[in-house]
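Residue-level structure breakdown
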Amino acid sequence: MKTASPAPDDLARSGSLEELYRLLTPMHVGAGWNKPTPSLWDEPRKTFVPAHWRYDQAHAALDAAGRLINTELAERRNLILYNPVPGNDYATTRTLLAAYQMILPGEQARSHRHTPNALRLIVDAEPGAYTIVDGEKIPMDPGDVLLTPNWSWHGHGNEGKAPAFWIDFLDTPLIHALEPMFFEPHPAGYEPVARTADISPMRFAWKDTLRRLDESAPDTAGPYGTQIELGEPAMRTIALHMMRLAPGVPTALHRTTANNIYAVARGSGTSTIDGESFAWSRGDVVAVPAWRPHGHRADDDAVLLRVSDEALLGPLALLRQERF
Ligand code: GTQ
Ligand code: FE2
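A word on the site of ligand 1. Lining the immediate surroundings of ligand 1 are Arg76, Asn78, Ala99, Gln101, His112, His114, Arg120, His154, His156, Asp168 and Leu170. At 2.9 Å from an oxygen atom of ligand 1 is found a side-chain nitrogen or oxygen belonging to His154. A distance of 2.8 Å is found between an oxygen atom of ligand 1 and a side-chain nitrogen or oxygen belonging to Asp168. Here ligand 1 occupies the second largest pocket. At the level of elements, strand E3 (97-103), strand E4 (108-114), strand E9 (154-158) and strand E10 (164-170) are the ones that each hand at least two residues to the shell around ligand 1. For the shell around ligand 1, the residue count by class is two nonpolar, six polar and three charged.

What follows concerns the coordination of the iron ion (ligand 2). Taken together, His112 (NE2), His114 (NE2) and His154 (NE2) make up the full set of protein donors to the iron ion (ligand 2), lying 2.1 to 2.2 Å away. When the donor residues of the iron ion (ligand 2) are listed from N- to C-terminus, their spacing reads H-x1-H-x39-H. Look at His114 and you get buried, because its relative accessible area is 9%.

A cluster of nonpolar side chains, namely Leu68, Ile69 and Leu73, defines an oily patch on the protein surface of about 340 Å² accessible area. Note on placement: Leu68 falls in helix H3 (residues 55-68). Of the residues examined, Leu68 reaches a relative accessible area of 68% and is grouped as exposed.

Among the nonpolar cores identified, the biggest contains 36 residues, and Tyr100, Leu119, Val145, Phe169, Leu240, Met242 and Leu305 are the most heavily contacted of them. Ignoring anything within four residues of it in the chain, the contact list for Leu240 reads Leu119, Val145, Leu147, Ile228, Glu229, Leu230, Ala234, Leu305, Arg306 and Val307. Grouped together as the second largest cluster of nonpolar side chains are 13 residues, Tyr224, Trp280, Val286 and Val288 included.

Next up on the list: the pattern of salt bridges. For the structure shown, the criterion picks out 21 salt bridges. Between Glu75 and Arg110 there is a salt bridge, and its shortest N-O distance comes to 3.5 Å. Of this pair, Glu75 sits in the loop between H3 and strand E2 (78-80) while Arg110 sits in strand E4, placing them 35 residues apart in sequence. Among the ionic pairs, Arg244 bridges to Asp214, the shortest N-O distance being 2.8 Å. One end of the pair, Arg244, is in strand E15 (residues 239-245); the other, Asp214, is in helix H5 (residues 206-215), with 30 residues separating them in the sequence. A single network of salt bridges, built from pairs that share partners, joins Asp214, Arg244, Arg266 and Asp301.

Strand pairing in a sheet is mediated by backbone hydrogen bonds. Such pairs are either parallel or antiparallel. Taken in spatial order, the six strands line up as E1-E20-E17-E22-E15-E14 in an open sheet, and their pairing is antiparallel. What marks the edges here is a single partner per strand, and that holds for strand E1 (51-53) and strand E14 (226-230). The sheet shows a mean angle of 20° between the axes of neighbouring strands, direction not considered. Bridge count between strand E17 (residues 260-266) and strand E22 (residues 302-308): six bridges; the pairing is antiparallel. The partner of Val264 across the bridge, within E22, is Leu304.

On to unusual backbone geometry, then. Residue Pro233 is reached from Glu232 by a cis peptide bond, and omega for that bond is -10°. Position of Pro233 among the secondary structure elements: in the loop between E14 and E15. Of note in the backbone geometry, Trp151 takes a positive phi value of approximately 75° without being a glycine. Tracing the sequence through the fold places Trp151 in the loop between strand E8 (145-148) and E9.

Across the five residues that make up strand E21 (residues 294-298), a large majority, four, are buried. Sheet topology places strand E18 (residues 269-273) next to E21; five bridges connect them, and they run antiparallel. Its bridge partner lying in E21, Thr272 is registered against Gly295.

It is worth spelling out the packing of aromatic side chains at this point. Enumeration over the complete set of coordinates arrives at three aromatic pairs. Relative to Trp33, the ring of Tyr21 has its centre 6.3 Å away and its plane inclined at 45°; by these criteria the two rings are tilted. Residue Tyr21 is located in helix H2 (residues 17-24), and its partner Trp33 is located in the loop between H2 and E1; the two are separated by twelve residues in the primary sequence. Ring pairing ties together the aromatic residues Tyr55, Tyr100 and Phe165, which thus form one cluster. Geometry around Trp41 places Arg45 over its ring, the cationic atom sitting 3.7 Å from the centre. We note Lys137 situated over the ring of Tyr130; from NZ or CZ to the ring centre the distance is 4.5 Å.

What counts and how
Residues numbered from 1 in each chain as written. Chains lettered and ligands numbered in written order. Predicted model: local features only at pLDDT ≥ 70, side-chain atom pairs only at ≥ 80, totals over all residues. Heavy atoms only, no water. Near = heavy atom within 4 Å. Polar contact = N/O pair within 3.5 Å; in protein donor to acceptor, adjacent residues only side chain to side chain. 1 Å grid on protein atoms, 1.4 Å probe; cavity = no way out; pocket = protein on both sides within 12 Å on 5 of 7 lines; lining within 4 Å. Sits in = over half its atoms within 2 Å of the grid points. Helix = DSSP H or I, 4+ residues; strand = E, 2+ residues; numbered from the N terminus. Nonpolar A, V, L, I, M, F, W, Y, C, P; charged D, E, K, R; others polar. Donors = N, O, S within 2.8 Å, 3.2 Å for Na, K, Ca; no water. Buried < 20%, exposed > 50% of the residue type's maximum accessible area, 1.4 Å probe, protein only. Patch = residues over 30% accessible without salt bridge, like charges linked within 9 Å, V, L, I, M, F, W, Y side chains within 5 Å. Areas by Shrake-Rupley, 256 points an atom, 1.4 Å probe, with all protein chains shown as cover. Salt bridge = Lys/Arg side-chain N within 4 Å of Asp/Glu carboxyl O. Core = buried A, V, L, I, M, F, W, Y, C linked by side-chain atoms within 4.5 Å. Contact = heavy atoms within 4.5 Å. Pairing = 2+ DSSP bridges. Axes fitted to C-alpha atoms, helices over the stretch in contact; angles between N-to-C directions. Phe/Tyr/Trp six-rings, centres within 6.5 Å; stacked < 30°, edge-to-face > 60°. Lys NZ or Arg CZ within 6 Å of the ring centre and 35° of its normal.

Spelled out as structure tokens, the structure:
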């Protein structure tokens, strides 16, 4: 039986706190001072955990998926890197998702658009692999970063001789939390190519990244090695940085309210996150949730793509960083 909503007079005459709480319950009102768990706390909590995914395993799993499912059935042949925290089967960190994706020679992945911002880091591809963004056909070469911002049409194809592998990053967990999700398949299925472009605001080519890193002053004392930004920022919710690490030189241990996902564009090394060590190599993904002290040490001349929600937190005055 539903408890009746109390009359104002009965509320006003409450003789004890217990009675007041009992009367408030059917109104869906809680006494702020009597809350069992606080709603404010002194610093970010450790909800998501540091985690690492290996490209050799993802590559093998996608090879199998390539035999078992095609892009007719699976609009995207992708593997979701979900943070291994109880109850989660999707987000990599609170706001960001990372996924491996593969497309076979001769295949096309249908075009669609959605409000989540997305980008990809190409890991392995031969000439002929491409993305089509709003009608523009853009090549996918290893080390390239390609953007598909909020509501831009995008699909992928592979006219090359080998399967193409890349890592997707999306702000879908953020959009899930905020609710403004919209998704639409392209009316044509496969979007027609209006033009082909090697140079596009949607593409950060690997050779340009290497040239910019070469031209940048090394920072051996900071947390990021030699760092350049892709875009300013690349998208409204996602900032992208390329970090070049000098072999054997550890970066400064730091923590930030930003959620960071590192993807290994080149080389190998080890990240220490909240006291845990993760040894990575090319194509691997490492998730560093907010406020986890972390640093990196490369074995060789390594380059990391750093994908973060700094672009979102900064303008909202929510970005704080600390070095140790
Ligand atoms: O390639 O459009 O991994 O829409 C997840 C959602 C990739 C994509 C993902 C997507 C895509
Ligand atoms: Fe998409």
